[in-house]
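The lines below spell out each chain.
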Amino acid sequence: MSVDPQPVPFLDLGTLHRERRTELDAAMGAVVESGQFVSGPFVDQFEREFAEYCEVAQCVGVANGTDALELILVGLGIGPGDEVIVPANTFVATVEAVVTCGATPRFVDVSPTTLLMDLEDVSSAISPATAAVIAVHLYGQMADVSGLAALADRHGLALIEDAAQAHGARFDGRRAGSAGRAAAFSFYPGKNLGAFGDGGAVVTDDEALARTIRCLANHGRDEDDRFRHPLSGRNSRLDGLQAAVLSVKLRYLDADNAGRVAAMAWYRDLLPSHIPPVATAPKAAPVHHLAIVRTLERPGVTRVLDEHRIGWGLHYPVPCHVQPAFSTFADRPLPVAERAADEILSLPMSPRITPDQIARVCDVLAARVPAVI
Ligand SMILES: *Cc1c(COP(=O)(O)O)cnc(C)c1O
């Protein structure tokens, strides 16, 4: 076995941060000088910038993406007795938020081509108890929000977006975060827009909902009277340091996303036909948070990637309705999600990944002759 010259990391944040180190240091230094560490002017500024970026009126910075989802649900008055439709193929946080607010998750299957929420299955899962649908924009590609918004309108449901993997994506011209009643974003470091720790945001055009969520996220405190607490809330605020870092990194988000789009195009050109990438829907303009392929012999493929020091991941190998924590809510098998969970594989993806690196990954994959087709 020949040893490759350099490993290919699954995600390379170091290169980006080194390039922007001066700006990032200056931004963090300004927060240290000001002493405004929790909420305050740096958070206010980032909220304005991110709302504008998402093409919505309101942004509320919160502690993480999971809280963002849960605060939207609570802010909409969703709780015990309500059902919320969620895709089986998502990160567990989508489902956790539903369970934590006391509502019942109803799992639906995904499309075999995009692995995103299947519209017909959503339609058949609607019951008199359904209060909301959470559209998850997984891997950087938005779910069919045009179809979902029409369906939600017809049945009087709230359409909530889980946009934690889709900062800057579009579907049919609409920005992630602007297509539903409200959207949750995560700024976990590995996301397309990542902080230097945990962070999240709710974006919405609904001013009253934004005010409620801002209140809930700050101990239920009245915005105009700090000693009055009209709601029983919690502590889920965004830090000033994180907001300052995010303001710097937001300026590069479109360029970074363009790097990911170019990388995915190289993958499409070079991947062997027995390891195809997950499809992009015609109306979608994804930002490729992850480069997902499918393989019928994943254990062999990952072993070869390890031998060549090529990073990889699994998103996600156990569908949520099969997880021990949530299986009590599963009411039927979801065959598309279950099959995909055994076949999906995440390949290296970063804004600065090079054509040479992608060629090396694809050469290694192509050399691995499939045992079964
Ligand atoms: C990351 C992620 C979340 C949760 O975000 P945190 O900031 O880690 O709480 C929710 N949904 C999806 C799809 C995610 O990828």
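Residues numbered from 1 in each chain as written. Predicted model: local features only at pLDDT ≥ 70, side-chain atom pairs only at ≥ 80, totals over all residues. Heavy atoms only, no water.

Enquirer: Describe the packing of helix α2 (residues 21-34) against helix α9 (residues 240-250), with residues and values.
Expert: Across the interface, α2 lies against α9 with an axial gap of 9 Å and an inter-helix angle of 150°. Viewed along their axes, α2 and α9 adopt a mutual orientation that is roughly antiparallel. Seen along the crossing, α2 lies across α9 with a hand that is right-handed. Every residue of α9 that contacts α2 at Glu23, Leu24, Ala27, Met28 and Val31 is listed here: Gly240, Leu241, Ala244, Val245, Val248 and Lys249. Of the residues contributing to the contact of α2 with α9, the split by class is eight nonpolar, one polar and two charged. (Axes fitted to C-alpha atoms, helices over the stretch in contact; angles between N-to-C directions. Helix = DSSP H or I, 4+ residues; strand = E, 2+ residues; numbered from the N terminus. Parallel < 35°, antiparallel > 145°, perpendicular 65-115°, else oblique. Left-handed = near helix turned anticlockwise from the far one by under 90°. Contact = heavy atoms within 4.5 Å. Nonpolar A, V, L, I, M, F, W, Y, C, P; charged D, E, K, R; others polar.)

Enquirer: Just give me the short version of helix α13 (residues 355-367), but keep the residues and values in it.
Expert: With 13 residues, α13 should reach 18 Å at 1.5 Å per residue; the first-to-last C-alpha distance of 18 Å fits that figure. Taken residue by residue, α13 has Ile358, Val361, Cys362, Val364 and Leu365 as its buried positions. Buried residues of α13, viewed axially, fall in a sector of 155°; they line one side. Seen from the open side of α13, the exposed residues pointing more than 90 degrees away from its buried face are Asp356, Asp363 and Ala367. Along its buried surface, α13 packs onto α10 (253-270), α11 (298-307) and β12 (344-347). (Expected span 1.5 Å × (residues − 1). Buried < 20%, exposed > 50% of the residue type's maximum accessible area, 1.4 Å probe, protein only. Arc of directions from axis to C-beta.)

Enquirer: An account of the sheet that holds strand β4 (residues 130-136) is requested, with residue identities and associated values reported.
Expert: Taken in spatial order, the seven strands of this open sheet run β1-β9-β8-β5-β4-β2-β3, and their pairing is mixed. Every interior strand has two partners, whereas the edge strands, β1 (58-62) and β3 (104-108), have only one. Strand-to-strand, the axes of this sheet are offset by a mean angle of 25°, without reference to chain direction. As defined by bridge partners, strand β8 (residues 182-186) adjoins strand β9 (residues 200-204) across four bridges and the pair is classed as antiparallel. By the bridge assignment for β9, Ala183 is matched with Val203. Packed on one face of the sheet, helix α3 (residues 41-54) meets β1, β8 and β9 and runs near 125° to β1. On the sheet, helix α7 (residues 145-155) packs against β4 and β5 (158-162) and is oriented at approximately 150° with respect to β5. (Pairing = 2+ DSSP bridges.)

Enquirer: Lay out the packing of aromatic side chains with the relevant residues and their values.
Expert: Inspection of every chain in the model, using the stated rule, returns six aromatic pairs. Their ring planes at 80° and their centres at 5.4 Å tell us that Phe46 and Phe187 sit as a pair that is edge-to-face. Within this pair, whereas Phe46 is found in helix α3, its partner Phe187 is found in the loop between β8 and β9, the two being separated by 141 residues in sequence. Overall, Phe46 belongs to the buried group, its relative accessible area being 0%. (Phe/Tyr/Trp six-rings, centres within 6.5 Å; stacked < 30°, edge-to-face > 60°.)

Enquirer: I'd like a description of the domain arrangement of the protein chain, backed by residues and values.
Expert: The domain architecture assigned to the protein chain consists of domain 1 (16-250) and domain 2 (253-368). With 44 residues of domain 1 at the contact, the number on the domain 2 side is 38 residues. Buried surface at the junction of domain 1 and domain 2, summed over both partners, amounts to about 3500 Å²; 59% is from carbon and sulfur atoms. Together, Phe107, Tyr139 and Asn192 form the three largest contributors to the area buried by domain 1 at its contact with domain 2, with a combined 21%. Linking domain 1 with domain 2 are five salt bridges, by the criterion used here. For the pair domain 1 and domain 2, the number of links is 26 residue pairs in polar contact (both at pLDDT 80 or more). Looking at the side of domain 1 that touches domain 2, the elements with two or more residues in it are α1 (14-19), α5 (92-100), β3, β6 (170-171) and α9. Of the residues forming the side of domain 1 that touches domain 2, the biggest block, five residues, is contributed by β3. (Domains from an automatic or database assignment. Buried area = accessible area lost by both parts, 1.4 Å probe. Salt bridge = Lys/Arg side-chain N within 4 Å of Asp/Glu carboxyl O. Polar contact = N/O pair within 3.5 Å; in protein donor to acceptor, adjacent residues only side chain to side chain.)

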